[in-house]
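The primary structure of each chain is shown beneath.
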Amino acid sequence: MVTEAEKQRLLEREAATIPRGDVYIVEERCKGCGLCIAFCPKKVLVESDRINEKGYHPPELVEKPPVDVCINCGFCERICPDFAIFVKEKKVNNSEQ
Ligand code: SF4
Ligand code: SF4
């Protein structure tokens, strides 16, 4: 039987190989369409409580390391009709995962 500690170690090892992304959201450009939230394969984007000048709720990033994190796939950036979200590779060393 796999103990919780072993499971955590396996998750951390897996996380060490996952690419990571830093997500940038230009909240004032967002029109709250929700496409980025719907299509994020890791489900790490959610609608925020904030309201921008246009009256929409922009997304925000909610990560749960080591596995539920932005993987820098770029879907959100490509799908956003208003260029309101973009992602850059996150530089991390394995101990920070
Ligand atoms: S880059 Fe990919 S994983 Fe990261 S927030 Fe955007 S869609 Fe989600
Ligand atoms: S896809 Fe763009 S406009 Fe739509 S909710 Fe996401 S950031 Fe806002």
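On a predicted model such as this, the values are computed, not experimentally measured, just so you know.

Some points on the overall build of the protein chain
A tally of regular secondary structure across the protein chain gives three helices and four strands. Secondary structure elements in the protein chain, listed N-terminal to C-terminal, are α-β-α-β-β-α-β. Along the longest, intermediate and shortest principal axes, the C-alpha atoms of the protein chain span 50 × 25 × 20 Å. Per-residue burial over the protein chain gives 18% buried out of 97 residues. Considering only contacts within the protein chain whose residues lie at least 6 apart along the sequence, 67% involve residues at least 24 apart.

Let's talk about the site of ligand 1
Ligand 1 sits among 15 residues. The nearest are Cys40, Cys70, Cys73, Phe75 and Cys76. Elements supplying a minimum of two residues to the shell around ligand 1: β1 (21–25) and α3 (75–79). Counted by class, the shell around ligand 1 contains eleven nonpolar, three polar and one charged residues.

Description of unusual backbone geometry
In this chain, proline 65 is followed by proline 66 through a cis amide linkage whose omega measures 10°. Mapped onto the fold, proline 66 is located in the loop between β3 (59–61) and α3. In this structure, asparagine 72 is a non-glycine residue whose phi angle is positive, near 60°. Among the secondary structure elements, asparagine 72 is positioned in the loop between β3 and α3. Here asparagine 72 falls in the partly exposed class, since 16 other C-beta atoms lie within 10 Å of it. Positive phi, normally seen in glycine, also occurs at phenylalanine 83, with a value near 50°. Tracing the backbone shows phenylalanine 83 in the loop between α3 and β4 (85–89).

What counts as what
- Residues numbered from 1 in each chain as written.
- Chains lettered and ligands numbered in written order.
- Predicted model: local features only at pLDDT ≥ 70, side-chain atom pairs only at ≥ 80, totals over all residues.
- Helix = DSSP H or I, 4+ residues; strand = E, 2+ residues; numbered from the N terminus.
- Buried ≥ 20, exposed ≤ 12 C-beta atoms within 10 Å, placed from the backbone.
- Contact = placed C-beta atoms within 7 Å.
- Near = placed C-beta within 6 Å.
- Nonpolar A, V, L, I, M, F, W, Y, C, P; charged D, E, K, R; others polar.

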